[in-house]
Amino acid sequence: MLIFERIREELRDGRSPQQAIHQGYANAFSTIADANITTLITAIILFAVGTGPVKGFAVTLSIGILTSMFTAIVGTRAVVNLIYGGKRVKKLSI
């Protein structure tokens, strides 16, 4: 996953585990947003140009993109914060 690779890069650069998690998510956000926004623009064009089932596909695609983006960013960060949030961690096993 892209976020975990960014965290690994931050750990290699000598950051503490808490700083690496924070910077990893911050750095990965723009890449994730860029990829999903591009697909969302395609779905909007499909909705504008298409008829019938194509419009339905565009709506379904848009809902899937938004859900995927939310869980990729907010969901995984919530789980990571739940596991590592209040603890002083010396080493991160990612």
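In this report, the structure presented in the accompanying data block is examined. (Residues numbered from 1 in each chain as written. Predicted model: local features only at pLDDT ≥ 70, side-chain atom pairs only at ≥ 80, totals over all residues. Heavy atoms only, no water.)

**Let's talk about the packing of aromatic side chains**
- Applying the stated criterion across every chain, the model contains zero aromatic pairs.
- Taking NZ or CZ as reference, Lys-55 lies 4.9 Å from the ring centre of Phe-47, over its face. (Phe/Tyr/Trp six-rings, centres within 6.5 Å; stacked < 30°, edge-to-face > 60°. Lys NZ or Arg CZ within 6 Å of the ring centre and 35° of its normal.)

**Remarks on the nonpolar core**
- Of all hydrophobic cores here, the largest spans 14 residues; its most connected members are Ile-3, Ile-7, Ile-21, Tyr-25, Ile-32, Tyr-84 and Leu-92.
- Mapped onto this core, the elements with two or more residues apiece are helix H1 (2-12), helix H2 (17-49) and helix H3 (53-84).
- Of the residues forming this core, the biggest block, six residues, is contributed by H2.
- Contacts of Tyr-25, omitting those with residues within four sequence positions, involve Ile-3, Ile-7, Ile-73, Thr-76, Arg-77 and Val-80. (Core = buried A, V, L, I, M, F, W, Y, C linked by side-chain atoms within 4.5 Å. Buried < 20%, exposed > 50% of the residue type's maximum accessible area, 1.4 Å probe, protein only. Helix = DSSP H or I, 4+ residues; strand = E, 2+ residues; numbered from the N terminus. Contact = heavy atoms within 4.5 Å.)

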